[in-house]
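So you can see what is in the structure, the chains are spelled out below.
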Amino acid sequence: MLPRSGDVLHVTRAASVQFLKPIMFRVIRVLDWPTYDGWTWLEGYELNAAGDAVSRRSIYVQAAGLRQLRAAAQPRQRTVPVRQRRPVARTPVRVG
């Protein structure tokens, strides 16, 4: 499972040995840094028990060891048609 922005994950020792004490983590983005196969860098916020962000972190984890607690909300479908913009008339400007 590769997380997406907004997902809340439970990160345990199954994801990396550095997490002896499990944390909740809200993903900002998946970093596109070179890694070993099956590993990934995530940037996001460590959350406390109430779900509030307590620190911003970048973590290096095995994607297979992550457990999703809450998925990011799906983007809503646009109900209002998009207006077409008129091209702006550009004219030369006299300087000086």
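Heads up: the structure comes first, above all this text.
Residues numbered from 1 in each chain as written. Predicted model: local features only at pLDDT ≥ 70, side-chain atom pairs only at ≥ 80, totals over all residues. Heavy atoms only, no water.

### Some words on the pattern of salt bridges
Moving on, step 1. Here the structure, examined in full by the defined rule, presents three salt bridges.
Moving on, step 2. Note that glutamate 43 and arginine 56 form a salt bridge whose closest N and O atoms lie 2.7 Å from each other. Residue glutamate 43 is located in strand β3 (residues 39-47), and its partner arginine 56 is located in strand β4 (residues 53-62); the two are separated by 13 residues in the primary sequence.
Moving on, step 3. Judged by relative accessible area, which is 10%, glutamate 43 ranks as buried.
Moving on, step 4. Take arginine 56: its relative accessible area is 48%, and that puts it in the partly exposed class.
Moving on, step 5. The salt bridge partner of arginine 57 is glutamate 46, with a shortest N-O separation of 3.0 Å. Here the residue arginine 57 occupies a position in strand β4, and glutamate 46 occupies one in strand β3, the gap between them amounting to eleven residues.
Moving on, step 6. Here glutamate 46 falls in the buried class, since its relative accessible area comes to 18%. (Salt bridge = Lys/Arg side-chain N within 4 Å of Asp/Glu carboxyl O. Helix = DSSP H or I, 4+ residues; strand = E, 2+ residues; numbered from the N terminus. Buried < 20%, exposed > 50% of the residue type's maximum accessible area, 1.4 Å probe, protein only.)

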